[in-house]
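As a plain string of letters, each chain reads:
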There are 2 protein chains.
Amino acid sequence: MSEPPPNPGGPQRSAGRDEILAAATDLFGESGYDGVSMSAIAQRAGISKANVFHHFGSKDALYLEVMRAARAYFEPGTERLIEQNQDFGEQLRELIGRDFARMREHPDLARLILREILESGPSRGQALASEVFGEHFAELTGLFEQAQRQGGLARDIPPALIATLAIACNTMLFQSQHLLRHLPGVDFVDDGERYATLVARVLLDGLRDEQKDAEGESDA
Amino acid sequence: MSEPPPNPGGPQRSAGRDEILAAATDLFGESGYDGVSMSAIAQRAGISKANVFHHFGSKDALYLEVMRAARAYFEPGTERLIEQNQDFGEQLRELIGRDFARMREHPDLARLILREILESGPSRGQALASEVFGEHFAELTGLFEQAQRQGGLARDIPPALIATLAIACNTMLFQSQHLLRHLPGVDFVDDGERYATLVARVLLDGLRDEQKDAEGESDA
DNA sequence: ACACTAACCGACCGACCGGTCAGCCCCGAG
DNA sequence: CTCGGGGCTGACCGGTCGGTCGGTTAGTGT
């Protein structure tokens, strides 16, 4: 009952490692490790199941390879814009906007990593922290620490908490976008720009009404 | 949905049923839908697998029942404290603190729901929104809307976004606590009180340093 | 005593899982 | 030309999955 690969419109080139990797990334991202069979990956890649085992020794090895690629994609320098002397608020807004846009651009990879975080127990969490996310997180933390030292940022809030919150907002919005979209009053899911602006504004200046809570300063 | 097999139509309760439900809740919470077999549930409940199918027609039906129970647990009035005339900041702090504490108190239930959110596609998301989370979310949104109308809360931020952020911070921290714990500078994971206080403070007053506050930043 | 029924069980089924294996095809080296 | 080896395949394996089946036990109304 095996159908020959019709591959309509697709190039007839030889199916190789990369195609397997791409197919696996798609499927793992959609349905998670347990939700995807090696047969499904092979079928998506247009090759035989045995061939998948030929290139990657086992399902775990393939999954690990996919994760490595995903991590490599999300890792590269995110915070280059910090060096610039622009307003910190603008930096934060752009940082949030970029991160969110990247997630929406590669939803499979994002979900892959999110799932890994959710499903990781105490032991796995430590490995993830030190090997995958540590660098990125430290970079972010350092950024906020620097902003604190330069002034303009409240000093009694741990930089790590700021980084966590910034990531959390993006992650959560992306993660539950299909749910949020149908919730009453939610109209910011599809407008990344507006969302980033609002979140940055909340994080910077808080929710409190400035007009009422007059502490003796005037706004622009 | 039709139920051709011996239909447990009415609310028939038995010790067996409850034990199955408890076992299923534990296991599903730990390992997710695909990660748990009906045999495992039966074994945990101390009965035969066939008996599980006798009480719940299928694995999906059992999972759905577990989800219903989980939802019922997380739903009950969270925002009773709103009526009180205490400071809104204090209300927010307590709300965040309570929600987080409840998550840590029943991690399996929390992970169950979190996973459901993550794994839900566009179609499932709509069902979840309308049937499970809609009520709770609307309650939260209404709370913030009221606070806005009473003054003390910036009016140009959608209440739904505030609700999303409040939930997002808690959810994310809980979800990735095992990872965060090992990240540099993270010392607020295990101290729910301190965490809630800090987050409420950020949400209310923002990150900006009040002493400096002025928008004219100077390069050093 | 009987009939009826829900709760419960051991054994079993087909489907599918991850993984293996012997061998085919193709191509470059000798 | 032969030869060998890697990409690739269909057939197959043991095991587990969700789910079914025939039958037993316990309780209850008559």
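Here, every reference points to the structure presented above.
As a starting point, this report considers the structure included with it. Please read these numbers as outputs of a predicted model, since none were measured by experiment.

Topic: the overall build of chain A
Then comes step 1: The helix and strand inventory of chain A stands at ten helices and zero strands.
Then comes step 2: Reading the helices (α) and strands (β) of chain A from amino to carboxyl end gives α-α-α-α-α-α-α-α-α-α.
Then comes step 3: When each of the 220 residues of chain A is scored for burial, the buried share is 48%.
Then comes step 4: In chain A, the proportion of contacts linking residues at least 24 apart, taken out of those at least 6 apart, comes to 63%.
Then comes step 5: Just so you have it, chain A exposes about 11000 Å², and 49% of that area is on carbon and sulfur atoms.

Describing the side chain of Thr171 of chain A
Then comes step 1: The residue Thr171 of chain A is located in helix α8 (residues 159–175) in this model.
Then comes step 2: Among residues more than four places away in sequence, those in contact with Thr171 of chain A are Met103 and Leu114 of chain A together with Met172 of chain B.

A short note on the protein's contact with DNA strand C
Then comes step 1: Near DNA strand C lie 15 residues; those nearest to it are Lys49 and Lys59 of chain A together with Ser48, Ala50 and His55 of chain B.
Then comes step 2: Near-protein atoms of DNA strand C (within 4 Å) split between backbone and bases, with sugar and phosphate holding 52%.
Then comes step 3: In this structure, a phosphate oxygen belonging to DNA strand C sits 3.4 Å away from a main-chain N or O atom of Val36 of chain A.
Then comes step 4: Within the contact set of DNA strand C, a base oxygen lies 2.6 Å away from a side-chain nitrogen or oxygen of Lys49 of chain A.
Then comes step 5: Secondary structure elements with two or more residues in the surface near DNA strand C: α2 (38–45) and α3 (49–55) of chain A together with α3 (49–55) of chain B.
Then comes step 6: Here the surface near DNA strand C takes four residues from α3 of chain B, the largest share from any one element.
Then comes step 7: Of the residues in the surface near DNA strand C, the class split is six nonpolar, seven polar and two charged.

Here's the deal with the packing of aromatic side chains
Residue and element names in this part refer to chain A.
Then comes step 1: Taken as a whole and judged by the stated rule, the model has eight aromatic pairs over all chains.
Then comes step 2: Seen in terms of ring centroids, Phe28 and Tyr63 are 5.0 Å apart; in terms of plane orientation they differ by 90°. Their pairing is edge-to-face. A residue pair is termed long-range when its members are at least 10 positions apart, and Phe28 in helix α1 (residues 17–31) and Tyr63 in helix α4 (residues 59–74) qualify at 35 residues. For the pair Phe28 and Tyr63, one class covers both residues: buried.
Then comes step 3: Measuring from centroid to centroid gives 5.0 Å for Phe100 and Tyr195, while their planes differ by 45°, and the two rings are tilted. Separated by 95 residues along the polypeptide, Phe100 in helix α5 (residues 88–105) and Tyr195 in helix α10 (residues 192–205) bring together distant segments of the chain. With respect to burial, Phe100 and Tyr195 carry one shared label: buried.
Then comes step 4: Members of the aromatic cluster, connected to one another through ring pairs, are Phe28, Tyr33 and Tyr63.

With respect to the packing of helix α5 (residues 88–105) of chain B against helix α7 (residues 122–150) of chain B
Residues and elements named next belong to chain B.
Then comes step 1: One can describe the packing of α5 onto α7 by two numbers: an axis separation of 12 Å at closest approach and a directional angle of 165°. With respect to each other, α5 and α7 are oriented roughly antiparallel. Read as a crossing pair, α5 and α7 show a hand that is left-handed. Here α5 contributes Phe88, Gln91, Leu92, Leu95 and Arg102 to the contact with α7, which in turn contributes His136, Leu140, Leu143, Phe144 and Ala147.
Then comes step 2: Looking at the contact of α5 with α7 residue by residue, the class counts come to seven nonpolar, two polar and one charged.

Quick look at the relation of the copies chain B and chain A
Then comes step 1: When chain B is brought onto chain A, the operation consists of a screw motion whose angular component is 179° and whose axial shift is 0.0 Å, with 0.4 Å RMSD remaining. In short, the pair behaves as if placed about a two-fold rotation axis. Of the C-alpha atoms belonging to chain B, the one lying closest to the rotation axis is found on Gly206 of chain B, 1.7 Å away.

So, the interface of chain B and chain A
Then comes step 1: With 68 residues of chain B at the contact, the number on the chain A side is 69 residues.
Then comes step 2: Our count for the chain B to chain A interface comes out at six salt bridges.
Then comes step 3: Between Asp156 of chain A and Arg201 of chain B there is a salt bridge whose closest N-O contact spans 3.2 Å.
Then comes step 4: Our enumeration of links across chain B and chain A arrives at six residue pairs in polar contact (both at pLDDT 80 or more).
Then comes step 5: For the side of chain B that touches chain A, the secondary structure elements donating two or more residues are α6 (107–119), α7, α8 (159–175), α9 (177–180) and α10 (192–205) of chain B.
Then comes step 6: Ranked by residues supplied to the side of chain B that touches chain A, first place goes to α8 of chain B with twelve residues.
Then comes step 7: Of the residues contributing to the side of chain B that touches chain A, the split by class is 35 nonpolar, 18 polar and 15 charged.

Calculation rules
Throughout, residues of each chain are indexed from 1 in the direction in which the sequence is written. As they are written, the chains are lettered A onward and the ligands numbered 1 onward, keeping that order. In keeping with the model being predicted, local features are shown solely for residues with a pLDDT of at least 70 and side-chain atom pairs are shown and tallied solely at 80 or more, while totals for entire chains, interfaces and linings include all residues. Side-chain metrics rest on all non-hydrogen atoms present in the structure, leaving aside hydrogens and water. Where helices and strands are cited, they refer to DSSP runs of H or I of at least four residues and of E of at least two residues respectively, numbered from the N terminus. When accessible area is computed with a 1.4 Å probe and restricted to protein chains, residues below 20% of their type maximum are described as buried, those above 50% as exposed, and intermediate ones as partly exposed. Contacts between residues were defined by any pair of non-hydrogen atoms, one from each residue, lying within 4.5 Å. Here, Shrake-Rupley sampling with a 1.4 Å probe gives the accessible areas, and only protein chains in the shown set may cover a residue. Proximity criterion: a residue is near a molecule or strand once any of its heavy atoms comes within 4 Å of it. Within 3.5 Å is the distance limit for a polar contact, defined as a pair of N or O atoms, with the added protein rule that one can donate a hydrogen and the other accept it, and that residues adjacent in sequence qualify only through two side-chain atoms. Polarity classes work like this: nonpolar for Ala, Val, Leu, Ile, Met, Phe, Trp, Tyr, Cys and Pro, charged for Asp, Glu, Lys and Arg, and polar for all others, with Gly in that last group. Any Phe, Tyr or Trp ring, taking Trp's six-membered ring, that has another such ring centre within 6.5 Å forms a pair; planes under 30 degrees apart are called stacked, those over 60 apart edge-to-face, and the others tilted. The axes are straight lines fitted to the C-alpha atoms, using for helices just the contacting stretch, and the angles between their N-to-C directions are given from 0 to 180°. Should an angle fall under 35 degrees it is taken as roughly parallel, and over 145 as roughly antiparallel, whereas 65 to 115 is taken as roughly perpendicular and any remaining angle as oblique. Crossing handedness: left-handed means the near helix sits turned counterclockwise from the far one by under a right angle, and right-handed means the same turn made clockwise. The copies were overlaid by least squares, fitting only the C-alpha atoms of residues that reach a pLDDT of 70 or more in each copy. Whenever Lys or Arg places a side-chain nitrogen within 4 Å of a carboxyl oxygen from Asp or Glu, that contact is recorded as a salt bridge.

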